[in-house]
There are 2 protein chains.
Amino acid sequence: MQPVGAVGLDEVTGLTTPIARFLDGNSHLPTPFLVFDLDVVALRYHQLREALPMAKVFYAVKANPAEEVLARLDSIGSSFDVASRGEIERCLNLGIDPSRLAYGNTIKKERDIAFAFEQGVTTFTVDAEAELEKVVRQAPGSTVYVRTATDGTGADWPLSRKFGCDLSEAAALVRRAAWAGMSFGLSFHVGSQQRDVQAWERPLADVGDLLRQLRGEGLEAVGLNLGGGFPSHYVDPVPELAAYGTAIRRSLAAHLGDFGGEVLVEPGRYLVGDAGVIETEVVLISRRPDNDEARWVYLDIGMFNGLTETLDESIRYRVGTPGDRANQGPVVLAGPSCDSADVLYEKAGYQLPLDLRIGDRVRLLSTGAYTSSYSSVWFNGFEPLRCFFVSAEDQGVVAA
Amino acid sequence: MQPVGAVGLDEVTGLTTPIARFLDGNSHLPTPFLVFDLDVVALRYHQLREALPMAKVFYAVKANPAEEVLARLDSIGSSFDVASRGEIERCLNLGIDPSRLAYGNTIKKERDIAFAFEQGVTTFTVDAEAELEKVVRQAPGSTVYVRTATDGTGADWPLSRKFGCDLSEAAALVRRAAWAGMSFGLSFHVGSQQRDVQAWERPLADVGDLLRQLRGEGLEAVGLNLGGGFPSHYVDPVPELAAYGTAIRRSLAAHLGDFGGEVLVEPGRYLVGDAGVIETEVVLISRRPDNDEARWVYLDIGMFNGLTETLDESIRYRVGTPGDRANQGPVVLAGPSCDSADVLYEKAGYQLPLDLRIGDRVRLLSTGAYTSSYSSVWFNGFEPLRCFFVSAEDQGVVAA
């Protein structure tokens, strides 16, 4: 495996001008904290619209549910994929129209469906008969998206095992929905941080077949949700977004050339991941008795106060440090808690400067997604991750 | 593997009278929530004191840092093992004397050591030279416990990989501490939820040797911290606490008969685990395309809103359900979020009644430790786990 080295702070695409200014001006602010550049979100939104002009964007709120993020996306025309009553309430409180919300979680309490429908939400996703029946009962006349399963191959954080039904079950659910007077669409998700731009090809071929079959029965879908999966910039390189756009447009043309419904995408990580930088401090550097080679570097952030996605070393953040980058050595990166599960990277092959010192600042890049809201309330007595939001608008500087 | 079945609510030792009353009287309270019986904590404290009369109890606050729990333990004479500045502040705010706090986390910011010392905390644990130097600088004249490594065998949640130094390193740290004018002790931790009562034997033999060697150099330890590891009642049976007491007392007599210092224990899970019951609701039951046999049962609590310790299916909670317990079938238990990592038990072989229905209440027993404070702040828009504290004192009923 290629060693994963510290990157120079000046080489870091995630360190936008507003973020760099904030960090420079707040060098005494206690760590850990997240600085988040709202302009990056807008930039990513426009890049996605450009790559897939036919697709309506539903931002997956769970990726970063901060009001600042939702408000910015609202202001540039995004719609929103919500996972819970809590996320619906937050969006509505910001003045977002319920017609722009899709309740995409396939696991919903019946009373939460009723609440959503009362509020004006009319788009729901299901992957099981019992869930469909809840929607039929509580949200009559709504649009139901039936989620089909994919195998998640190529994704760093697959979403396959728990979600989606097979194609014959999907057909049965569509028939039941149509019989109950509901509009319907199909959806699938190729997994989060999907690094293979061809991952949409097979599901789109399957979905195209299914839609033709249903059309033969007189059932016409009103929409197709391509899910998310578009990547942030972690250690492993990812294709340009344009390559995703090209591949997906080609698959759509090949398999769904005659589809007249709406096309949706559900990005989360892609819109917010690269917008955030977590500033941390080295608490301790030591040698462990069972590992002569690697230093253990303990940061003041760990798996349970923001870095949940380091679970199984699935998501490997780029790390920025001070020090002599020409002279690096292997490290294990761990969190500050008394829990031995709180080890971030042991096998991933990270290397950091040999002159790294206790008290040095360490920056975790592209940490704007699935961090702050995943932080625990008071694990080991550590406060949840604090967040600061910056933007060039406030300072007259062009970001990113 | 023996199938793990639903237990009858009446057979459930975790369901004390005050908890049962609370649940009966609050059947319409929205789930999920935790009900916690403070009398169980007091009972467990006294049981531990009885099993190990020579040992001073330092409750590991991280296991459940609720003020109600801390106040009850304070009132019956417990001391406290704290992991962070936040935990120290909470204890002091409750009026707990700083002399009864031990700062047991081996990964501490230097300024947090200084803060603790200013507040009157004078007991610190270290397992590395750099950490010792921080304590020497910031807390002169304090007592330093040097933590030695164990292999964690027999523990469901081992604590070995990240913590502790080997015996020769421990000797070096002790010499350095003594040279700097610090008192010293030794500590080790056999892992959390340790099911082998003999797990203390080997570390105590090693520590006994080390203490004799140090005595030969004129260095006398003031204390020995036996850590925690005492179990809660999950699916896998555990020995009675008395058996731990017998085994540990025997090992102490064999290897440390001449030890004149203080003996400490650091229980967390043991004191609070059995005191809590989490009440949840079945949100969805479905069949997954790739698994014909097991139903998937989705609860309204998952790995990220309280059940962190289901990670890798390490801690297997007992589950209480209504329904026909004579007719059970295999299930996968999963959480309510859009994250496919949010699966609780897939391999553990849980079985639940075939007539279990969406909307049924499901009780997770012995969930008083490492749940509420590990809950994330707003994962998928779900609120942190709510907690209610009950006690027979309020109701004139004898608990447990």
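Numbering of residues begins from 1 in every chain and follows the order in which that chain's sequence is written. Starting at A for chains and at 1 for ligands, labels are handed out in the order in which the entities are written. Under the rules for a predicted model, residues below a pLDDT of 70 receive no local features and side-chain atom pairs below 80 are neither given nor counted, while totals for whole chains, interfaces and linings still include all residues.

A separate point is the overall build of chain A. Broken down by element type, chain A carries 10 helices and 19 strands. With respect to the principal axes defined by its C-alpha atoms, chain A has extents near 70 × 40 × 40 Å. Counting only contacts in chain A whose residues sit at least 6 apart along the sequence, the fraction spanning at least 24 positions is 74%. Runs of H or I in DSSP of at least four residues are treated as helices and runs of E of at least two as strands, each being numbered from the N terminus. Two residues form a contact once the distance between their C-beta atoms, set from the backbone, is within 7 Å.

Chain A puts 54 residues into the contact, and the matching count from chain B is 53 residues. Per-element accounting of the side of chain A that touches chain B gives the leading share, 4 residues, to strand S12 (residues 276-288) of chain A. Here the residues of the side of chain A that touches chain B are counted per class, giving 30 nonpolar, 12 polar and 12 charged. For this scheme, ten residues count as nonpolar: Ala, Val, Leu, Ile, Met, Phe, Trp, Tyr, Cys and Pro. Four count as charged, namely Asp, Glu, Lys and Arg, and the remainder, Gly too, count as polar.

Residues and elements named next belong to chain B. Contact geometry of helix H5 (residues 110-119) with helix H6 (residues 129-138) gives a least axis separation of 9 Å together with a crossing angle of 40 degrees. Relative to H6, the element H5 lies oblique. Note on packing geometry: the crossing formed by H5 with H6 is right-handed. Between H5 and H6, the residues in contact are Glu110, Ile113, Ala114 and Phe117 and Lys134, Val135 and Gln138, respectively. Here the residues of the contact of H5 with H6 sort into 4 nonpolar, 1 polar and 2 charged. Lines are fitted to the C-alpha atoms to define the axes, a helix being fitted only along its stretch in contact, and any angle between axes, read from their N-to-C directions, falls within 0 to 180 degrees. Our angle categories are set so that under 35 degrees counts as roughly parallel, over 145 as roughly antiparallel, 65 to 115 as roughly perpendicular, and the remainder as oblique. Throughout, a crossing is termed right-handed when the near helix is turned clockwise from the far one, and left-handed when it is turned anticlockwise from it by less than a right angle.

Structurally, Ser337(B) can be placed in the loop between strand S15 (328-334) and strand S16 (343-345). Counting other C-beta atoms within 10 Å of a residue's C-beta gives its exposure: the residue is buried at 20 or more, exposed at 12 or fewer, and partly exposed in between, where C-beta atoms are placed from the backbone. Using a count of 25 C-beta atoms within 10 Å as the deciding quantity, one classes Ser337(B) as buried. With 39 residues separating them in the primary sequence, Ser337(B) and Tyr298(B) have C-alpha atoms 9.3 Å apart. Filtering out sequence-adjacent residues up to four positions away, Ser337(B) remains in contact with Ala83(A), Gly302(B), Phe304(B), Asp342(B), Phe379(B), Asn380(B) and Phe382(B).

On to the domain arrangement of chain A, then. Residues and elements named next belong to chain A. These domain limits were set by an automatic method or by a database of domain assignments. For chain A, the assigned domains read domain 1 (9-35 + 273-394) and domain 2 (65-267). Taking the mean C-alpha position of each, domain 1 and domain 2 sit 33 Å from one another. If you look at the interface, domain 1 gives 16 residues, while domain 2 gives 11 residues. Looking at the side of domain 1 that touches domain 2 residue by residue, the classes come out as 5 nonpolar, 7 polar and 4 charged.

Below, the discussion takes up the nonpolar core. The nonpolar core is taken to be a set of buried Ala, Val, Leu, Ile, Met, Phe, Trp, Tyr and Cys residues joined by way of C-beta atoms within 7 Å. Core analysis: the biggest nonpolar cluster contains 253 residues, and Val41(A), Val144(A), Val41(B) and Val144(B) have the highest contact counts within it. Contact partners of Val144(A), with chain neighbours within four places excluded, come to Phe124(A), Val126(A), Leu132(A), Val135(A), Ala177(A), Met182(A) and Phe184(A).

Attention shifts here to the relation of the copies chain A and chain B. The least-squares superposition of copies is restricted to C-alpha atoms, and to residues with a pLDDT of at least 70 in both copies. Mapping chain A onto chain B is achieved by rotating through 180 degrees and translating by 0.0 Å along the same axis, at an RMSD of 0.0 Å. Look at the turn and shift together and you get a two-fold axis relating the two. Closest approach to the rotation axis among the C-alpha atoms of chain A is made by Ser376(A), whose C-alpha sits 1.8 Å away. Both copies share a contact surface, since 98% of the interface residues of chain A are interface residues in chain B too.

The next subject is the pairing of strand S8 (residues 183-187) of chain B. Residues and elements named next belong to chain B. Of all 5 residues in S8, 4 are buried; the element is thus mostly enclosed. Note on pairing: DSSP must find at least two bridges between two strands before they are called paired. Both strand S6 (residues 143-147) and S8 contribute to a ladder of 5 bridges, which runs parallel. Its bridge partner being in S8, Tyr145 is matched across the sheet by Gly185.

Attention now moves to the environment of Leu385(B). All names here are of chain B. As for its position among the elements, Leu385 is in the loop between strand S18 (361-365) and strand S19 (386-390). According to the C-beta neighbour criterion, Leu385 is buried, with 21 such atoms within 10 Å. Those residues within four positions of Leu385 in sequence are excluded, and the remaining contacts are Pro32, Phe33, Leu34, Asn305, Gly306, Thr371, Ser372 and Ser375.

Residues and elements named next belong to chain B. With their axes 9 Å apart at the nearest point, helix H8 (residues 201-216) and helix H9 (residues 241-256) run at an angle of 25 degrees to one another. Classified by the angle their axes make, H8 and H9 are roughly parallel. In this structure, the crossing between H8 and H9 has a hand that is right-handed. Between H8 and H9, the residues in contact are Glu201, Leu204, Ala205, Gly208 and Leu211 and Ser251, Leu252, His255 and Leu256, respectively. By residue class, the composition of the contact of H8 with H9 is 5 nonpolar, 3 polar and 1 charged.

What follows deals with H5(B). Residue and element names in this part refer to chain B. Looking only at H5, the buried set comprises Asp112, Ile113 and Ala116. Each buried residue of H5 sits inside an arc of 105 degrees when the element is viewed along its axis, so together they form one side. Considering only its buried residues, H5 is in contact with helix H4 (85-93), strand S4 (101-103), strand S5 (123-126) and H6. Two residues or fewer past H5, Gly120 is found with a positive phi of approximately 110 degrees. What the arc covers is the set of directions going from the helix axis to the C-beta atoms.

On to helix H1 (residues 17-25) of chain B, then. Residue and element names in this part refer to chain B. Those residues of H1 not exposed but buried are Pro18, Ile19, Phe22 and Leu23. An end-on view of H1 places all buried positions within 130 degrees of arc, on one side of the element. Those residues of H1 that are exposed and aimed more than 90 degrees away from the buried face are Asp24 and Gly25. If you follow the buried residues of H1, they end up packed against strand S1 (33-37), helix H2 (38-51), strand S12 (276-288) and S19.

Let us now look at the pairing of strand S2 (residues 55-60) of chain B. All names here are of chain B. In terms of burial, S2 is largely enclosed, as 5 of its 6 residues are buried. Relative to strand S11 (residues 262-265), S2 is paired through 3 bridges, and the arrangement is parallel. Looking across to S11, one finds that Val57 is bridged to Val265. Bridging between S2 and strand S3 (residues 79-82) involves 3 bridges; their strand directions are parallel. Paired with Tyr59 across the bridge in S3 is Phe80.

With that out of the way, let us pick up unusual backbone geometry. All names here are of chain A. With an omega of 0 degrees, the peptide bond running from Thr31 to Pro32 counts as cis. Among the structural elements, Pro32 can be located in the loop between helix H1 (17-25) and strand S1 (33-37). Unusually for a residue other than glycine, Ser366 sits at a positive phi of about 55 degrees. Inspection of the secondary structure assignment puts Ser366 in the loop between strand S18 (361-365) and strand S19 (386-390). Taking the C-beta count within 10 Å as the criterion, Ser366 has 25 such neighbours and is therefore assigned buried.

On to the environment of Gly268(B), then. Tracing the sequence through the fold places Gly268(B) in the loop between S11 and helix H10 (269-272). For the pair Gly268(B) and Phe230(B), spaced 38 residues apart in sequence, the C-alpha separation works out to 8.2 Å.

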